[in-house]
Protein chains: 2
Amino acid sequence: MTSAAETAAVLFANDAFYLTFQTSDIAAMDAIWSSRDGISCIHPGWPPLLGRAPVMQSWRSILANPNQQAVQAHAASAEIYGDGAIVICYEVVGQFTLVATNVFAREDGQWKLVHHQSGETPPPEADLSEPERTLQ
Amino acid sequence: MTSAAETAAVLFANDAFYLTFQTSDIAAMDAIWSSRDGISCIHPGWPPLLGRAPVMQSWRSILANPNQQAVQAHAASAEIYGDGAIVICYEVVGQFTLVATNVFAREDGQWKLVHHQSGETPPPEADLSEPERTLQ
């Protein structure tokens, strides 16, 4: 597979992840994630979830919540490292803008999600120029 | 290398990353990161930085800032995927608690940082039980 085709395949897997917010399809969400026990997930403002059971429980809770808004991905970019890939994208959830790290691993020729972290970020058009910034 | 030894090597590389906050050693920080152009970094509340030049510029700014507090890592856990590894750890910065994703890639037998995202999280001891949570 060419590098461009590989990148397209990873971004397709990333799109499939966000599509589940429109369909609230927990079976699809389950299939998007790796079946390994070592998967992990950091939702914005949540403590880290380590292991398949707490990660999938969180998605069942989120997708079953009638107040959960759709999460739309924008400006996704992928970097491939052998059998791993990192996708970075903005997430728009109602009035909030988040930025996410999605890490995929190639398993039996398919890109499977193994880690997700999402956190708040300024909207892309915001002016963030400051001479000295700190981490908090 | 055994799995336990590999995990120890990844966690050692993760510790080296946080040690640079105590030494403000930009040369050490540069060496901890992969030399690839495709590295990326998402500081808490910042827009995503894609590419080696903006990532290293951000670290030069942060490490040179006299108001930057040390960042102490706690409860790091590593998951290895072939030549890639994901480390998740808490970061304590003054009164703030953050949680980070650090992604490493094995290059010439050494684990090199290729991606970092950090965002706010409740302290580990906080009670977060809520029946239905959303992503915002």
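See the structure above.
Residues numbered from 1 in each chain as written. Chains lettered and ligands numbered in written order. Predicted model: local features only at pLDDT ≥ 70, side-chain atom pairs only at ≥ 80, totals over all residues.

(A) Up close: the pairing of strand E3 (residues 72–81) of chain B. All names here are of chain B. Bridge analysis of E3 against strand E4 (residues 84–93) gives 8 bridges, and the strand direction is antiparallel. Across the sheet, residue Ala73 finds its bridge partner in E4, namely Glu91. In textbook terms, the turn of a hairpin is the stretch between consecutive antiparallel strands, and for E3 and E4 this stretch comprises 2 residues, one of which, Gly82, has a positive phi near 60°. (Pairing = 2+ DSSP bridges. Helix = DSSP H or I, 4+ residues; strand = E, 2+ residues; numbered from the N terminus.)

(B) Local environment of the relation of the copies chain B and chain A. Superposing chain B onto chain A requires a rotation of 180° together with a translation of 0.0 Å along the rotation axis, leaving an RMSD of 0.0 Å. Here the symmetry operator amounts to a two-fold rotation axis. Relative to the rotation axis, the C-alpha of Gly119 of chain B is the closest in chain B, positioned 2.8 Å from it. Counting the interface residues of chain B, we find that 100% of their copies in chain A are interface residues as well, pointing to one common contact surface. (Least-squares fit on C-alpha atoms with pLDDT ≥ 70 in both. Contact = placed C-beta atoms within 7 Å.)

(C) Highlighting the interface of chain B and chain A. Contacts between chain B and chain A engage 45 residues on the former and 45 residues on the latter. Residue composition of the side of chain B that touches chain A, by class: 21 nonpolar, 19 polar and 5 charged. (Nonpolar A, V, L, I, M, F, W, Y, C, P; charged D, E, K, R; others polar.)

(D) Summary view of the environment of Ser118 of chain A. All names here are of chain A. Within the secondary structure, Ser118 sits in strand E6 (residues 110–120). Residue Ser118 is classed as buried on the basis of its 26 C-beta neighbours within 10 Å. Along the sequence, Ser118 and His74 sit 44 residues apart, while their C-alpha atoms lie 13 Å from each other. Apart from residues lying up to four places away in sequence, Ser118 is in contact with His43, Pro44, Glu91, Leu98 and Ala100. (Buried ≥ 20, exposed ≤ 12 C-beta atoms within 10 Å, placed from the backbone.)

(E) Summary view of unusual backbone geometry. Phi angles above zero are rare outside glycine, and Ser24 of chain A is one such case at about 50°. Looking at the element boundaries, Ser24 of chain A is found in the loop between helix H1 (3–23) and helix H2 (26–32).

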